[in-house]
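Below, each chain spelled out in residue letters.
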Amino acid sequence: MSVDADAGSAESGLSDEVLLTVRNLRKYFPVTEGMMIKRTVAEVKAVDGVSFEVHRGETLGLVGESGCGKSTTGRCILRLDPPSSGEILFGGVDMANLSRAELNKMRERIQVIFQDPYSSLNPRMKVGDIIGEPMKVHGLLPDADKRRERVAELLHVCGLNPAMADRYPHEMSGGQRQRVGIARALALQPEFIICDEAVSALDVSIQAQVINLLEDLREQFNLTYLFIAHDLSVVRHLCHRVAVMYLGKIVELAPADQVFDNPLHPYTQALLAAVPVPDPEIESARAHQTVKGEVPSPINPPSGCVFHPRCPKAVDGCSMSVPELRELEPGHWVACSEA
Amino acid sequence: MAHLLEIENLRTQFFTQQGTVQAVDGISYNVDEGETVAVVGESGCGKSVSALSILRLIPNPPGEIVGGEIRFMGKNLLDMTDQEIRSIRGRDIGMVFQEPMTSLNPVLTIGRQLTETLMHHLGSTQDESMDRARELLRLVGIGDSDRRLAQYPHHLSGGMRQRVMIAMALACEPKLIIADEPTTALDVTIQAQILELMRELTKQMGVALIVITHNLGVVARYADRVNVMYAGKVIESGSAMDIYHRPHHPYTLGLLRSVPRLDQPRGTRLIPIEGQPPDLTRLDGGCAFRPRCTFATEQCAGAIPGLEAVDEGHITACFNKEAVADSLRNTT
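Source: prediction; values computed, not measured.

Moving on: helix α9 (residues 266-274) of chain A. With seven of nine residues buried, α9(A) lies mostly within the body of the structure. Taken residue by residue, α9(A) has A:Pro266, A:Tyr267, A:Thr268, A:Ala270, A:Leu271, A:Leu272 and A:Ala274 as its buried positions. Lining the buried residues of α9(A) we find α7 (232-238), β9 (241-246), β10 (249-255) and α8 (256-261) of chain A together with α8 (188-205) and α9 (216-222) of chain B.

Quick look at the structure:
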């Protein structure tokens, strides 16, 4: 059995086929009080009305700072957290109406790579069993010998020596472990992989290896990625389109070139200005204006535009009405009344 | 003029069951008054251990400073008694650590932690030190100081806690601050705020700063001079311009090429450094970077290259430094 992607794969590049649709997704976590009888005193609006589409073969970046809801969005798509409201359509099928068995079947098509290669691999399992487990669970390769072959193939694809199947995670470096996590995600030949801060914990020289691996695999297996990350340089490198999140909302969504060369939302502008470039000449010429204040609490977000208390361009109206995402240029959506 | 801090041939080792880890293996560098020196490198290269060695904060066992000298204002810190080094820590040399949640005491108020340093080192009274604590909080941009002084660390956000750490480091007007990954745990907009704050305050007060970091962008923005470490050794040292525009060591070059940058055309492929960093218990008699190096020759296996000058104030430890520099000239 080969690791080739399904038949009918589109040529490399973007297709018109929408693989994933997220419509008006909300996820509120209750804040409770009381020991025996819990009452909900407030809600954390982790994700508050997020909509986007991911096309087959594309990589959509989801960026933002801690607590902006980017990871929760990913977990809702995987149904690791049930959404409070909103629709998630994968390949045209509404994930909310699936039975448990159907959901399990769906999870063969959607896989995830987590941030921390230390805590996302079971320390008591050998690498070969970690990668083989999804195939066992989903009954894809019941024959143990065939499974071993397939594991060796996956290890090879991810740049590891097939002999590593007999090792335990603690015997490997962080970069190697992340490759194991990637091999596990590939085991079921998924169409769609959610990379949740998949390269953030790695050192730069190792990070570059894993980024290149992700790019190669995307082409080889015609994968579609949702790439959740806080590192803007990495997102710019890997993604076709980018959605910028702030406090549970998407504030800007556009092709990567547009987001990075012509950011229209003041928050995107502030984020980009804050990233230092590894070149002292460029750095000494740049103006270092930092955005004031800190991200407000998602329990009690500001009225109107959630960014207005920190926004250098805020006007009176910003605290009154919530700005809608508007398409200012073809494919370039911005939620700012002043943009 | 003598340097504020002179580190000479510092060697720190950890004695573990797996063998002796040569975490810091003969590094030397100087820090002048008021300047910002960066120490860059990846996990396990010894950058944090070298910083902790300066203040003799290496846990013993298993760690031990086995050789070298650290002269601070002319005095060797390694010869001092425990009592003497304690009077230097927090007074003449301040520290800012990566994780402000674990380096602040969770059961003491911010006010108590700030005043403790002042009362211990300067013998100030409670009232004097409370006034000074309020002033320090204002200096690091924390408003509403009376309320903040009465709060505990868990009341504050990560950025706020790092501001408190900076206030504590500055409390006794030190000559030198050692900042170990000061912004790694913070979001990028907060990172920018904290770095700007540290730069302003150190320039304004004339404090020298050693920044330990893995982030090449942070170094480019803030450092006057840069030391690049690999496998326990400084392998290249020079001005920020030397390191970023005229690197002579293949590791420095490899690091610069492997970071995706905001100012480069999209779609260019990253050039990673293949392989893994070496096991520090099993170093041989050759250059430690050799197995990952594209410039390696037979000479590299036979001897460890020493640091040699390539330019005024720019030194590097590579037998093939000219080839590295040439490769850069040809590609750009």
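Counting buried positions along strand β10 (residues 233-239) of chain B gives five out of seven residues, so the element sits mostly inside the fold. Count of turn residues in the strand β9 (residues 225-230) of chain B/β10(B) antiparallel hairpin: two residues, of which B:Ala231 carries a positive phi of about 50 degrees.

This part takes up the sheet that holds strand β7 (residues 176-180) of chain B. Residues and elements named next belong to chain B. Within the open sheet, the eight strands sit side by side as β6-β7-β8-β3-β9-β10-β12-β11. Their pairing is mixed. Because the sheet does not close on itself, it has two edges, and the strands there are β6 (93-96) and β11 (308-311). Direction aside, the axes of adjacent strands within the sheet are offset by 20 degrees on average. Relative to β9, strand β3 (residues 36-40) is paired through four bridges, and the arrangement is parallel.

Across a regular strand the side chains alternate sides, sitting on one face of the sheet and then on the other. All names here are of chain B. Pairing between strand β1 (residues 5-16) and strand β2 (residues 19-31): nine bridges, direction antiparallel. Note that in β2 the partner of Leu 5 across the bridge is Val 31. Linking β1 to β2, which pair antiparallel, is a turn of two residues. Here eight bridges tie β1 to strand β4 (residues 63-72), and the two strands are oriented antiparallel to one another. Bridging across to β4, Thr 12 finds its partner in Ile 65.

Turning our attention to unusual backbone geometry. Of the consecutive residues B:Asn60 and B:Pro61, the connecting peptide bond is found in the cis state with omega at -15 degrees. One can find B:Pro61 in the loop between α1 (47-54) and β4. Residues B:Pro61 and B:Pro62 are joined by a peptide bond in cis, for which omega reads 10 degrees. Mapped onto the elements, B:Pro62 comes out in the loop between α1 and β4. One non-glycine residue, A:Arg79, lies in positive phi territory at about 65 degrees. Inspection of the secondary structure puts A:Arg79 in the loop between α1 (70-77) and β4 (85-90).

Residue and element names in this part refer to chain B. Read across the open sheet, the four strands follow the order β2-β1-β4-β5; overall the sheet is antiparallel. With one partner strand each, in any of the chains shown, β2 and β5 (75-76) form the two edges of the open sheet. Those strands touched by α1 are β1, β2 and β4, and its axis lies near 115 degrees from that of β1.

In this section: the pattern of salt bridges. Inspection of every chain in the model, using the stated rule, returns 36 salt bridges over all chains. Across the pair B:Arg261 and B:Asp263 runs a salt bridge, and its minimum N-O distance is 2.9 Å. Classification of B:Arg261 by relative accessible area gives buried; the value is 15%. Judged by relative accessible area, which is 34%, B:Asp263 ranks as partly exposed. For the salt bridge of B:Arg290 with B:Asp284, the shortest nitrogen-to-oxygen distance reads 2.8 Å. Residue B:Asp284 is classed as partly exposed on the basis of its relative accessible area, which comes to 44%. Shared partners join several salt bridges into a network, and the residues in it are A:Glu17, A:Arg56, A:Arg109 and A:Glu191.

Let us now look at the packing of helix α7 (residues 158-170) of chain B against α8(B). Residues and elements named next belong to chain B. Two elements in contact, α7 and α8, have axes whose closest approach is 10 Å; the angle formed by their N-to-C orientations is 15 degrees. In terms of orientation, α7 lies roughly parallel with respect to α8. Relative to α8, the crossing made by α7 is right-handed. Every residue of α8 that contacts α7 at Gly 159, Gln 162, Arg 163, Ile 166 and Leu 170 is listed here: Ile 190, Gln 193, Ile 194, Leu 197, Met 198, Leu 201 and Met 205.

Listed as interface residues are 46 residues of chain A and, on the opposing side, 42 residues of chain B. Taking both sides of the interface into account, the surface hidden between chain A and chain B amounts to around 4000 Å²; carbon and sulfur atoms contribute 55%. At the surface where chain A touches chain B, the tally comes to four salt bridges. When the shortest N-O distance is used, the salt bridge between B:Arg269 and A:Glu215 registers 3.9 Å. The interface formed by chain A and chain B holds 22 residue pairs in polar contact (both at pLDDT 80 or more) in total. Counting residues per element, the ones that place at least two in the side of chain A that touches chain B are α6 (204-221), α7, α8, α9 and α10 (280-285) of chain A. For the side of chain A that touches chain B, the residue count by class is 20 nonpolar, 13 polar and 13 charged.

The rules behind each value
Residues numbered from 1 in each chain as written. Chains lettered and ligands numbered in written order. Predicted model: local features only at pLDDT ≥ 70, side-chain atom pairs only at ≥ 80, totals over all residues. Heavy atoms only, no water. Buried < 20%, exposed > 50% of the residue type's maximum accessible area, 1.4 Å probe, protein only. Helix = DSSP H or I, 4+ residues; strand = E, 2+ residues; numbered from the N terminus. Contact = heavy atoms within 4.5 Å. Pairing = 2+ DSSP bridges. Axes fitted to C-alpha atoms, helices over the stretch in contact; angles between N-to-C directions. Salt bridge = Lys/Arg side-chain N within 4 Å of Asp/Glu carboxyl O. Parallel < 35°, antiparallel > 145°, perpendicular 65-115°, else oblique. Left-handed = near helix turned anticlockwise from the far one by under 90°. Buried area = accessible area lost by both parts, 1.4 Å probe. Polar contact = N/O pair within 3.5 Å; in protein donor to acceptor, adjacent residues only side chain to side chain. Nonpolar A, V, L, I, M, F, W, Y, C, P; charged D, E, K, R; others polar.

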